[in-house]
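# Architecture at a glance
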Amino acid sequence: MHLHGFDEQYANAETDLRDNLKAFREQYTEKHSHFHNHDWLYYDIGTDDHVILWLVGGLRMGDAAFRSIPLMADSFRIILPSYPSVATMAQLTAGLRAILDQEG
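Every value quoted in this text rests on a predicted model; they were computed, and no experiment measured them.

### Describing the packing of aromatic side chains
Enumeration according to the criterion identifies three aromatic pairs in this entry. Between the aromatic rings of Phe24 and Tyr28, the centroid separation amounts to 4.9 Å while the plane-to-plane angle is 55°, which identifies the pairing as tilted. Residue Tyr28 is classed as buried on the basis of its relative accessible area of 14%. Ring centres of Phe24 and Tyr43 lie 5.1 Å apart, and the angle between their planes is 70°; on these two criteria the pair is classed as edge-to-face. With a gap of 19 residues between them, Phe24 in helix H2 (residues 15-27) and Tyr43 in strand E2 (residues 38-45) connect regions that are remote in the sequence. Judged by relative accessible area, Phe24 falls into the buried class, the value being 2%.

Conventions used here
Residues numbered from 1 in each chain as written. Predicted model: local features only at pLDDT ≥ 70, side-chain atom pairs only at ≥ 80, totals over all residues. Heavy atoms only, no water. Phe/Tyr/Trp six-rings, centres within 6.5 Å; stacked < 30°, edge-to-face > 60°. Buried < 20%, exposed > 50% of the residue type's maximum accessible area, 1.4 Å probe, protein only. Helix = DSSP H or I, 4+ residues; strand = E, 2+ residues; numbered from the N terminus.

Right, dumping it as structure tokens:
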């Protein structure tokens, strides 16, 4: 659970959004993978045979999709990575592939 300093970090955020993000982080456990000198954090949510690799945008933080993911978790297995700042697209895709390989 990634909640250390949460209340201070999000003190000025809209209450509903803050509470929903906190509930997401409390409900789902973040996993870790280390690949090519980078730490990769990700969520593996749901249990269906249909798998979605969900890539968030700009901030690169998987839990930025905290409002959408629970709506789909009953119908899909969702791999939701937070990806580190890497130098090339090849490094990004290699790291994502490592997560997918780790999760089978």
